[in-house]
Amino acid sequence: MDNVAAILLAAGKGTRMKSGLVKVLHPAAGRPMIDYPVTAARTVGAKPVVLVVGHQAEAVQGRFRAAEDIRCVLQKEQLGTGHAVACARDALAGFSGTVLILCGDTPLLRAETLKRLIDFHRAQTAAVTVLTAMMDDPCGYGRVVRDNSGKVLRIVEQKDADPKERAIREVNSGIYCMDAAFLFDNIDSVGSDNAQQEFYLTELVAVAAGKGLACLAQCSGDAEEIMGVNDLSQLAEASRCLRRRINRELMLSGVTIVDPDQTYIDQGVAIGADSTVHPNCRISGTTIIGSGCVIDGNVSISDCRIADNCHIKAGSVLEGSELLEAVAVGPMAHLRPGTVLHAHVKIGNFVETKKIVMGEGSKASHLTYLGDAEIGRDVNIGCGTITCNYDGENKHRTVIGDRVFIGSDVQLVAPVTVGRNSLVAAGTTVTIDVPPDSLAISRVPQVNKDGWRLKKK
Ligand code: UD1
Ligand code: CA
């Protein structure tokens, strides 16, 4: 849409969050809350988006440092939403058109709703249009006061409302469209004579109504969408709504989610059709999962790329790893960052990996630690194998060639190389390189002492 700018209020500390972290940076479904209204504003084509920052300004601003369409302005003291909007004046100097005003704490707001609001505002050539909703429990929100004919008169905050006004169920979302000229001509007339002694942006509604200008309310009909997050309980509620949307979208695109109420998939995660996610999984960050995969219960996956037809078995934790076709992992395996598993690799229970590449068809089926290693194809890593990669100061690499067979209970003291097609006997501690096609064995010969137990008695 042309000629739309946005002001996004994000300077408040969020006192009711009772947290050291500023409110708008608290994550909802894996993204800081502030990301959601920014995305919605961009989707409707708002340019620029003026971000009003205050508390932990550096951190909030930091998220958008590279963004050309975002201008940050500092509100040094948080004197109220009206004062915050006034801080955006210089950043919008010369702009004429529609100013969309959004809050940093409404992560459920949809871009389609904003588009409808802007269309309505423009069709009516209004000075102010406020987005409202009917709420069964309007507690904490500003109430929309209308006259007998339904004309909007003003918005009254919970703390300033009398009992009759508190009974009103139509609430202010804190989201508005305003004509730029009206906004900046009148914002300075807003006073702070109210219960909180703050400059309320909501007062502009009464100003417009008082001047006989078109002052409208569009009732969105979806109370959930305009929900403002003021405390951690509301954050949990908003996150649940976001997850429900994410899961629904995935299911409609062909992903089987066995119990959507107990599946925690973050915003931005992609999963292909015909994959199945079992309960109690957490899938987060930049994760992309292909089609035909099975993710068993109690699995946690963050920042991974997983190709088609992989099976992640129960209780596994995967971080920053890449899995090619038809890899099987777990149960109870831990893939740490930098793990790359080529097609048909099998990682079994109680195996930990870190910064390794494992070639096609290789297996480490049980109780093993593989770190800083390069492992070829069709390699068998026996139960209890350990790459001793750390000497207390530095990390060292282990290289294992194609078709090597490592027996059980082997320690590979890095840096060390096992040449292709060699066999390392069970119980061996490998300290020197093994040439290709050989046997490495370092066992103390066994001695049997006949009748030893009997003599002891
Ligand atoms: C505000 C509205 C209320 C509405 C509700 C919807 C006012 C006076 N009240 O109340 O009518 O029902 O939102 O959620 O506008 N902020 C600043 N600088 C400030 C104060 C606030 O940037 O000086 C930012 C906050 O960071 C937040 C947003 O403005 O993102 C809203 O502030 P908040 O204190 O949450 O307002 P509410 O009390 O929820
Ligand atoms: Ca709020």
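Peer 1: How would you explain the coordination of the calcium ion (ligand 2) if you had to name every residue and give the values?
Peer 2: Here the calcium ion (ligand 2) is held by Asp 105 (OD) and Asn 230 (OD1), and the distances to it run 2.5 to 2.6 Å. Here the residue Asp 105 occupies a position in the loop between strand 6 (98-103) and helix 4 (111-123), and Asn 230 occupies one in the loop between strand 11 (215-219) and helix 8 (232-252), the gap between them amounting to 125 residues. Asn 230 sits in the buried class, given a relative accessible area of 18%.

Peer 1: Can you lay out the site of ligand 1 for me, pointing to particular residues and giving the numbers?
Peer 2: Near ligand 1 there are 23 residues, and of these Gln 75, Gly 80, Thr 81, Glu 157 and Asn 172 occur at the shortest range. In the model, an oxygen atom of ligand 1 is placed 2.9 Å from a nitrogen or oxygen of the Ala 11 main chain. Contributions of two or more residues to the shell around ligand 1 are made by strand 1 (4-10), helix 3 (81-86) and strand 10 (170-179). Class assignment for the residues of the shell around ligand 1 results in eight nonpolar, 11 polar and four charged.

Peer 1: An account of the nonpolar core is needed here, citing residue identities and associated values.
Peer 2: Of all hydrophobic cores here, the largest spans 96 residues; its most connected members are Leu 100, Ile 306, Leu 323, Val 329, Leu 341, Ile 347 and Met 358. Here this core gets six residues from one element, more than from any other, and that element is helix 8. Counting residues domain by domain, this core receives three or more from each of domain 1 (4-226) and domain 2 (255-440). With residues up to four places along the chain from it excluded, the contact list for Leu 323 reads Arg 305, Ile 306, Ala 307, Cys 310, Ile 312, Leu 318, Val 329, Leu 335 and Leu 341. Listed in part, the 36 residues of the second largest apolar core include Ala 11, Leu 92, Ala 180 and Val 205.

What counts, and where the lines are drawn
Residues numbered from 1 in each chain as written. Chains lettered and ligands numbered in written order. Predicted model: local features only at pLDDT ≥ 70, side-chain atom pairs only at ≥ 80, totals over all residues. Heavy atoms only, no water. Donors = N, O, S within 2.8 Å, 3.2 Å for Na, K, Ca; no water. Helix = DSSP H or I, 4+ residues; strand = E, 2+ residues; numbered from the N terminus. Buried < 20%, exposed > 50% of the residue type's maximum accessible area, 1.4 Å probe, protein only. Near = heavy atom within 4 Å. Polar contact = N/O pair within 3.5 Å; in protein donor to acceptor, adjacent residues only side chain to side chain. Nonpolar A, V, L, I, M, F, W, Y, C, P; charged D, E, K, R; others polar. Core = buried A, V, L, I, M, F, W, Y, C linked by side-chain atoms within 4.5 Å. Domains from an automatic or database assignment. Contact = heavy atoms within 4.5 Å.

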